[in-house]
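Descriptive structure summary
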Amino acid sequence: MFGPLVAGSFPQTRLRRNRRDSWSRRLVAENVLTTADLIWPVFVTEGSGQHVPVPSMPGVVRYSLDTLVEAVGEARDLDIPAVALFPSVAAELKTPDAREAVNPDNLVCRAVRALKKAYPDLGVVCDVALDPFNSDGHDGLVVDDYVVNDESVDVLCRQALVQAQAGCDVIAPSDMMDGRIKAIRKTLDDAGLIHVQIMSYAAKYASAFYGPFRDALGSNVALKGGNKKTYQMDPANSDEALREVAMDLQEGADMVMVKPGMPYLDIVRRVRETFAVPTFAYQVSGEYAMLKAAINNGWLDNDKVMMESLMAFKRAGADGVLTYFAVEAAKLLKRG
Ligand code: PBG
């Protein structure tokens, strides 16, 4: 990219000159991280007064609706623009047809209503996928040991509709079925919900980094050692991610996401450069768990690795990051 003249040569050029002082380092910084870059994923459970720890995610808890409203209030006061909701559904409500997913009074819909009532100006993002409600632990319906596509899309549309009708601002399909963005957009539009945004988990990989999240939702137990390789992407692939993103954009996605985050920053960069559309990355549960485990062993510095990991997403070209560190990071950013 640069010729030797432009790059300069030593000793006229000393790249360390700009790095010597803090004011100068700040002046030449190419990227900044602000609280406006953060989306906070939160786990919701039944009951009241609950703060149920997720053992594989130190510092992360499942909230009941009352404590959720309180905790999200703190996030909002820190200027975090949006939260993403994930319901931890009682095992007895999980069925092979995931019918609880389309119940307008299910846990996640009640959480949306409670949050939008308390904080109308806060962005609320809802995941669209059947795994929290499915006794098979899969994101779609299982027929003869295969996650079927088109039948799953029908249910996902109904799930998106009840969530949007409950008042959520952003529908975030994380299921990786083919054609779901188009079908969901049509369902929302037909219901007059034209302002509800779609953030597509467009390039979502079949990753082992989701382990702690599945603990938090109990979907690991339901999945019984199975995997999601017939619908989530192969970690070996990169060009295929561009096709996924292209199709989702064509089908009406407003924003796209790459997931997991840090091991897939090359994909974030390619998506950003190829499409120049709002691009998000999800620093997933396993990435958080990995960092926290080392931090809690005294092997890594919490604040420094947290901020460095988040800055890496900005540098790769992400507009924002879904991160379990959101509140901690926002506090640190506020302190300056
Ligand atoms: C479910 C879903 C998953 C995550 C977000 N939505 C897990 C999965 O696909 O099995 C992972 C989030 C994380 O690991 O933090 N469709």
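This write-up is about the structure you can find in this document.

Calculation notes
- Residues numbered from 1 in each chain as written.
- Predicted model: local features only at pLDDT ≥ 70, side-chain atom pairs only at ≥ 80, totals over all residues.
- Heavy atoms only, no water.
- Near = heavy atom within 4 Å.
- Areas by Shrake-Rupley, 256 points an atom, 1.4 Å probe, with all protein chains shown as cover.
- Nonpolar A, V, L, I, M, F, W, Y, C, P; charged D, E, K, R; others polar.
- Helix = DSSP H or I, 4+ residues; strand = E, 2+ residues; numbered from the N terminus.
- Buried < 20%, exposed > 50% of the residue type's maximum accessible area, 1.4 Å probe, protein only.
- Lys, Arg positive; Asp, Glu negative; His and termini not counted.
- Salt bridge = Lys/Arg side-chain N within 4 Å of Asp/Glu carboxyl O.
- Polar contact = N/O pair within 3.5 Å; in protein donor to acceptor, adjacent residues only side chain to side chain.
- Contact = heavy atoms within 4.5 Å.
- Pairing = 2+ DSSP bridges.
- Right-handed = clockwise from strand over helix to strand, strands pointing away.
- Expected span 1.5 Å × (residues − 1).

Before going further, it helps to examine the site of the ligand. Close contacts around the ligand come from 17 residues, with K204, R214, K259, S285 and Y324 the closest. Taken by itself the ligand offers 400 Å² of open surface, and the protein chains cover 100% of this. Considered class by class, the residues forming the shell around the ligand number seven nonpolar, three polar and seven charged.

The subject of this paragraph is the side chain of E287. Relative to the assigned elements, E287 resides in helix α11 (residues 285-296). In this structure, E287 is buried with no salt-bridge partner, the nearest side chain bearing the opposite charge being K259 at 9.1 Å. A distance of 2.9 Å separates a polar side-chain atom of E287 from the backbone nitrogen of V284. Among residues more than four places away in sequence, those in contact with E287 are F209, P260, G261, M262, P263, Y282 and F313.

Right, let's talk about the pairing of strand β11 (residues 279-283) for a bit. In terms of residue burial, β11 counts as a mostly covered element, since five of its five residues are buried. Across the two faces of β11 the burial is the same, with T279, A281 and Q283 and F280 and Y282 all buried. Inspection of the sheet shows strand β10 (residues 255-259) paired to β11 by three bridges, in the parallel sense. Residue pairing across strands places V258 opposite A281, the latter belonging to β11. With respect to chirality, the unit in which β10 leads through helix α10 (residues 265-275) into the neighbouring parallel β11 is right-handed. Of the strand pairs in this sheet, β11 and strand β12 (residues 320-323) are connected by four bridges, and their pairing is parallel. Across the sheet, residue Q283 finds its bridge partner in β12, namely T323.

Here the focus is helix α4 (residues 107-118). Given a rise of 1.5 Å per residue, twelve residues ought to cover 16 Å, and the 17 Å separating the end C-alpha atoms of α4 matches this to within 8%. Check the buried side of α4 and you find it contacts β1 (38-44), α3 (65-77), β4 (82-87), β5 (123-128) and α5 (150-166).

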